[in-house]
Structure formats: C-alpha cells, structure tokens
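# Coordinates in review
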Amino acid sequence: MVDYCTETDIEAYLGIEITGTSVPNSTQVATIITDVSRTLDNHSRRTLSGVTSGVVEYFSAKPGLDTLVLSKRPVSSIASIERMGSNGTPEATLQEGRARDGTDDYWLQNDESGVIRFHYAWAVDIRDYIKVTYAYGSATIPHEARTASILMSCVRVIRAMMTDENCTD
C-alpha cells in the first residue's frame, strides 16, 4: 500500500528538520504517515492510491439483472468475468466490449463507481454464478488524500514534540 505523503512534506509544512535523533524521529514519523494513510483508506472505505489486482467477487444471477456494482473502487481493469458451473469451475468466460452484435457480453460503464453493464439481461436465477476478477485503485495519489495526510500527520508530529519529556521549561 502507498503512503499519501512523505517525511519531506511534513518537514516543509512545519518548517522543521526530522532526523534519527529528533522527537519524533524519522522512524516514528514514517509510522505516523503510514497510520494516517491507512486511516484515510478506512474512512473512505477504499484504497485511495495504489492498484490492487486479483480481487475476486461473486454475484448471483437473477432474471432481469443487467448491471453489477463492484465493491472496490475505482476499478482500474477487469481481468475476467466468468460464468461458474455447478461444480465450482468456470464454464464460460464473457467477452468485454461495446459491440452489440452478440460478440461482446459486457463493458465497464463507470470505473469510478465500479459499474459493469451487460448487453443482455440474465434469465437464470443461480447463486454465485458470476465471478468477476479485477484490479482497483489509482496509480496517482489524489490531491485531497495527500493534503489530508500531511495535515493529519503534522498534528501527530506536533503532539509528539509537545510531550512533557521534550519541554525545556
């Protein structure tokens, strides 16, 4: 997973130098930054930056179903969508594309919201019939995530600097 800011960002924002002997030291600041980055991921209910591949989700087919919404977003790519047989092995791999002549089965309508559209509505009612393997995340760190990470990390660094052991008075 990717951290959303760096020690250099914290130093520049606060106008301080973080070293191996400062309070907090470089190792502690790295831990703070990682903790803040994961906190932002948890609050947003997704990874804000960094691509995670090989995610698998199963969906039940229902009559009239023509749309799926993936739980992890933004979707960066779909590796495959397969119809699963009763023995748990794939019985067919669906084709991605926009052609409506019967050669393509689905397309990724909206990567930000994880919406997959089918060119047809499913006519069967089978539990866990559709297996989607995909990658999600963004290759770049969003500006908002970077700014929030810097500000939240700065608060924790300042708190560490203000402990009683560090006061000279």
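One can find the structure itself at the top, above this paragraph.
Here we summarise the structure given alongside this text. Here the structure is a predicted model, which is why all the values come from computation and not from measurement.

## Digging into the sheet that holds strand β7 (residues 126-136)
Remark on secondary structure: sheet strands pair via backbone hydrogen bonds, oriented parallel or antiparallel. With antiparallel pairing, four strands are arranged side by side in an open sheet as β1-β7-β3-β4. Of all strands in the sheet, those bounded by a partner on one side alone are β1 (52-61) and β4 (90-93). Strand-to-strand twist in this sheet, taken as the mean axis angle between neighbours without regard to direction, amounts to 30°. In this structure, strand β3 (residues 75-84) lies alongside β4, joined through three bridges in antiparallel fashion. For Met 84, the partnering residue across the bridge sits in β4 and is Pro 90.

## With respect to the sheet that holds strand β6 (residues 115-118)
Reading across the sheet, the three strands line up as β2-β6-β5 and stay open at both edges, with antiparallel pairing between neighbours. A strand with exactly one partner marks an edge of an open sheet, and here the two such strands are β2 (67-69) and β5 (106-110). In this sheet, adjacent strand axes meet at a mean angle of 25° when their direction is disregarded. Pairing geometry for β5 and β6, over four bridges, is antiparallel. Bridge pairing in β6 places Leu 108 opposite Ile 116.

Rules used in this analysis
Residues numbered from 1 in each chain as written. Predicted model: local features only at pLDDT ≥ 70, side-chain atom pairs only at ≥ 80, totals over all residues. Heavy atoms only, no water. Pairing = 2+ DSSP bridges. Helix = DSSP H or I, 4+ residues; strand = E, 2+ residues; numbered from the N terminus. Axes fitted to C-alpha atoms, helices over the stretch in contact; angles between N-to-C directions.

Without other data, these values stay purely geometric and don't point to any function.
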